[in-house]
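Topology and contacts: notes
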Amino acid sequence: PEAIAFALGQSKDPRAFDALVSRLKSKDIVLAGIAAVALGELGSQDAQPALVEALSRDDSSWVQAQACQALGKVGTSRALPTLKKLADDTSYQG
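In this report, we go over the structure that sits alongside the text. This one's a predicted model, so the numbers in the text were calculated from it and none came from an experiment.

Procedures and definitions
Residues numbered from 1 in each chain as written. Predicted model: local features only at pLDDT ≥ 70, side-chain atom pairs only at ≥ 80, totals over all residues. Heavy atoms only, no water. Helix = DSSP H or I, 4+ residues; strand = E, 2+ residues; numbered from the N terminus. Expected span 1.5 Å × (residues − 1). Buried < 20%, exposed > 50% of the residue type's maximum accessible area, 1.4 Å probe, protein only. Contact = heavy atoms within 4.5 Å. Polar contact = N/O pair within 3.5 Å; in protein donor to acceptor, adjacent residues only side chain to side chain. Core = buried A, V, L, I, M, F, W, Y, C linked by side-chain atoms within 4.5 Å.

**A word on helix α3 (residues 29-42)**
- With 14 residues, α3 should cover 20 Å at 1.5 Å per step; its first-to-last C-alpha distance of 20 Å lies within 8% of that length.
- Burial within α3 is extensive, with 10 of its 14 residues counted as buried.
- Turning to α3, the residues buried within the fold contact α1 (2-11), α2 (17-24), α4 (48-57) and α5 (61-74).
- The N-terminus of α3 is capped by Asp28, whose side-chain oxygen sits 3.0 Å from the backbone nitrogen of Val30.
- In the stretch just after α3, Gly43 is the one whose phi turns positive, near 80 degrees.

Here it is as structure tokens:
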């Protein structure tokens, strides 16, 4: 599943969007992190809400770091409050 998620992102095919958002919610942190990276590769600002949600709910600093990176590629200023909150969180390890 991880290789498929990665390939979907590399394809830059917008039809992959829903599948990747679904994988971003996976309890498998490797799959969720790769889905975040893949959403960044798709480059759609539509991914921003799902990526911000991943930052807020995910316990994995790796998934959070991948979501931050993806937001850097697709995000708008609407993601800044969540990113600032995460940056100010002393428990964040990403």
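**As for the nonpolar core**
- Core analysis: the biggest nonpolar cluster contains 25 residues, and Leu20, Leu24, Leu39 and Leu51 have the highest contact counts within it.
- Of all the elements in the fold, those that place two or more residues in this core are α2, α3, α4 and α5.
- The element best represented in this core is α3, accounting for 7 residues.
- Filtering out sequence-adjacent residues up to four positions away, Leu51 remains in contact with Leu24, Ala36, Leu39, Ala67, Ala70, Leu71 and Val74.

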